[in-house]
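Fold and contact review
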Amino acid sequence: EYFITRMTGEFCMTHDSAFATLLYDIKKRKFSPEICKMLGVNMEHLPEIKKSTEKIGELLPTPAAELGLAPGTPVFGGGGDASLIGVGAGATELGDTHVYQGTSGWVSTVVDKSIVDASAMIAAVVGAADGIYNYFAELETAGKCVEWVKDHLALDEIDLYLDKQHDLKL
């Protein structure tokens, strides 16, 4: 949202990003006046919510020069990583599933309704397209844990990652 504002002068956010604020009503597809009132959030300070595929505006001259792009280049809403990684992986139709592994990691399946499984700590988050949700089983530190194992526990028989120490005394 910061970059969109810098590029276009428009103060807005996409539905998937609005969902992440925990102020969003998924059924009405707008910020919830009840939640905002309960939390003391002035709704006049909240941005307009746009679709991920919606053209927000055009690239202003100053940011265009900074980016080396033509002024007037169209700028679209886009979205957050959770919704757009699935799009990039080709998981866009109901039932499509993708696995993401980075610092965090998840398995996500495209569904058509909000699902919450509190016992398994899995929930569906708003997706990039209307009426689409991403049902996520996530581990915030998945890749970071693999890195720790590599750095601290793994044997490195090809001398690529670790300094070998054969004289360890236990």
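Because the structure is a prediction, the values reported are computed rather than measured.

Rules and cut-offs
- Residues numbered from 1 in each chain as written.
- Predicted model: local features only at pLDDT ≥ 70, side-chain atom pairs only at ≥ 80, totals over all residues.
- Heavy atoms only, no water.
- Patch = residues over 30% accessible without salt bridge, like charges linked within 9 Å, V, L, I, M, F, W, Y side chains within 5 Å.
- Areas by Shrake-Rupley, 256 points an atom, 1.4 Å probe, with all protein chains shown as cover.
- Salt bridge = Lys/Arg side-chain N within 4 Å of Asp/Glu carboxyl O.
- Helix = DSSP H or I, 4+ residues; strand = E, 2+ residues; numbered from the N terminus.
- Pairing = 2+ DSSP bridges.
- Buried < 20%, exposed > 50% of the residue type's maximum accessible area, 1.4 Å probe, protein only.

**Digging into a nonpolar patch on the surface**
Together, Trp148, Val149 and Leu153 give the surface a local cluster of nonpolar side chains, amounting to about 310 Å² of exposed area. When you line up the elements, tryptophan 148 lands in helix 6 (residues 142-152).

**Here's the deal with the sheet that holds strand 7 (residues 97-101)**
The 5 strands lie next to each other as 7-8-11-10-9, forming an open sheet whose pairing is antiparallel. Among the strands making up the open sheet, the edge pair consists of strand 7 and strand 9 (116-117). Pairing analysis gives 7 bridges linking strand 8 (residues 105-111) to strand 11 (residues 133-139), with the strands arranged antiparallel. Across the sheet, the residue bridging to valine 110 is asparagine 134, located in strand 11.

**Observations regarding the pattern of salt bridges**
Inspection of every chain in the model, using the stated rule, returns 7 salt bridges. When the shortest N-O distance is used, the salt bridge between glutamate 48 and lysine 50 registers 3.5 Å. Taking relative accessible area as the criterion, glutamate 48 reaches 48% and is therefore assigned partly exposed. Accessibility expressed as a relative area gives 14% for lysine 50, which makes it buried. Three or more residues are tied together by salt bridges with common partners; here these are Arg29, Lys51 and Asp130.

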